[in-house]
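# Overview (structure and organization)
Residue strings, one per chain:
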Amino acid sequence: YFHLDMAIRPVGFPYVLVDDPKLGLKNLEKIEKDFPQNKDKIRKVRNYLERRTKSWYSSTDETCKKLIEYGFKPIRIAGSYTEGINFMNAIVNLKDNGKMSYITNSPKHTLPFYEKLEEIFKKDLVEACPDIDKIYMVSGKMAQDSRNDITHNLEILHGGIHCMTAEVPDFDKIA
């Protein structure tokens, strides 16, 4: 993987989200008929996911097997649709009551049909991880100086919330 946080995200030991591009393709199929005006952009996303399915899918299987070997419980989820829009690149905050909040980037500013993919991700995440009670999708708008622009970082530099904050896990809590 280019960055580990583009493909997996711990969500409270022993659970780890693992991005599955095949599930991303299924989600894209569910919505593409609703966005005929975005046919070309959807085709680009489909091509990206198909390439990842061919090149990363065995890695997804291997990642899940390796996580299981080390005592983790992988949860496959459609978490990434392009290099710049990746719901896996997130921060998970464990609250004192055992519930979690999930903070990631929002693609609403990028492509119109991504709002629907965001809704699907939220639904899938809550179903997969019932201890997540709050999901925050952060977006930005173009700043005059693109070096200070979250949109620039998310789209151009392929960074996400986790990359930009350099969060370090609290290993005492997860050990």
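Residues numbered from 1 in each chain as written. Predicted model: local features only at pLDDT ≥ 70, side-chain atom pairs only at ≥ 80, totals over all residues. Heavy atoms only, no water.

### Comments concerning the overall build of the protein chain
The helix and strand inventory of the protein chain stands at six helices and six strands. Starting at the N terminus, the α and β elements of the protein chain follow one another as β-β-α-α-β-β-β-α-β-α-α-α. Here the protein chain holds 175 residues, and the buried ones make up 43% of them. Contacts in the protein chain between residues at least 24 apart in sequence constitute 66% of all its contacts with a sequence separation of at least 6. For the protein chain, the computed accessible surface area is about 9900 Å², with 54% contributed by carbon and sulfur atoms. (Helix = DSSP H or I, 4+ residues; strand = E, 2+ residues; numbered from the N terminus. Buried < 20%, exposed > 50% of the residue type's maximum accessible area, 1.4 Å probe, protein only. Contact = heavy atoms within 4.5 Å. Areas by Shrake-Rupley, 256 points an atom, 1.4 Å probe, with all protein chains shown as cover.)

### Some details on the pattern of salt bridges
The final tally for this structure, using the stated rule, is 10 salt bridges. A salt bridge links Glu-69 to Lys-66; the nearest nitrogen and oxygen atoms lie 3.6 Å apart. Of this pair, Glu-69 and Lys-66 both sit in helix α2 (residues 39-69), three residues apart, which is roughly one turn of that helix. Residue Lys-66 is classed as partly exposed on the basis of its relative accessible area of 41%. Each of Asp-20, Asp-61 and Arg-76 takes part in a single network of salt bridges with overlapping partners. (Salt bridge = Lys/Arg side-chain N within 4 Å of Asp/Glu carboxyl O.)

### A closer look at the sheet that holds strand β1 (residues 8-10)
Pairing in this open sheet of three strands is mixed, and the strands run β1-β2-β3 from one edge to the other. Of all the strands in the sheet, the pair left with one neighbour each is β1 and β3 (73-77). Each neighbouring strand pair of the sheet contributes to a mean axis angle of 25 degrees, computed without reference to strand direction. Alignment of β1 against strand β2 (residues 15-19), held across three bridges, turns out to be antiparallel. Bridge pairing in β2 places Pro-10 opposite Val-16. (Pairing = 2+ DSSP bridges. Axes fitted to C-alpha atoms, helices over the stretch in contact; angles between N-to-C directions.)

### So, the side chain of Asn-105
Its place among the elements puts Asn-105 in strand β5 (residues 100-105). Within polar-contact distance, the side chain of Asn-105 engages the side chain of Thr-104 at 3.3 Å. (Polar contact = N/O pair within 3.5 Å; in protein donor to acceptor, adjacent residues only side chain to side chain.)

### Quick word on the confidence of the model for the protein chain
Taken as a whole, the protein chain shows an average pLDDT of 81; of its residues, 73% reach a score of 70 or greater. Within the protein chain, the element-level pLDDT minimum falls on helix α4 (residues 150-155), averaging 58, and the maximum on β3, averaging 97. (pLDDT = per-residue confidence, 0-100.)

### Quick notes on the packing of aromatic side chains
Taken as a whole and judged by the stated rule, the model has seven aromatic pairs. For the pair Tyr-81 and Phe-87, a centre-to-centre distance of 6.3 Å together with 75 degrees between the ring planes defines the contact as edge-to-face. Seen from their ring centres, Phe-113 and Tyr-114 are 5.0 Å apart, and the 80 degrees between their planes marks the pair as edge-to-face. By relative accessible area, which is 0% here, Phe-113 ends up buried. Each member of the aromatic cluster is reached from another via a ring pair, and the members are Phe-35, Tyr-81, Phe-87, Tyr-102, Phe-113, Tyr-114 and Phe-121. (Phe/Tyr/Trp six-rings, centres within 6.5 Å; stacked < 30°, edge-to-face > 60°.)

### A look at the packing of helix α1 (residues 21-31) against helix α3 (residues 114-128)
Across the interface, α1 lies against α3 with an axial gap of 10 Å and an inter-helix angle of 125 degrees. By the angle between their directions, the pair α1 and α3 is classed as oblique. Note that α1 runs across α3; the crossing there is right-handed. Residues Asn-27, Leu-28 and Ile-31 of α1 pack against Lys-116, Leu-117, Ile-120 and Asp-124 of α3. Within the contact of α1 with α3, the residues separate by chemical class into four nonpolar, one polar and two charged. (Parallel < 35°, antiparallel > 145°, perpendicular 65-115°, else oblique. Left-handed = near helix turned anticlockwise from the far one by under 90°. Nonpolar A, V, L, I, M, F, W, Y, C, P; charged D, E, K, R; others polar.)

### Overview of α1
Three or more residues of α1 are buried, namely Pro-21, Gly-24, Leu-25, Asn-27, Leu-28 and Ile-31. With its buried residues spanning 160 degrees around the axis, α1 presents them on a single face. The distance from a side-chain oxygen at the start of α1 to the backbone nitrogen of Lys-22 is 3.0 Å, and the residue carrying that oxygen is Asp-20. (Arc of directions from axis to C-beta.)

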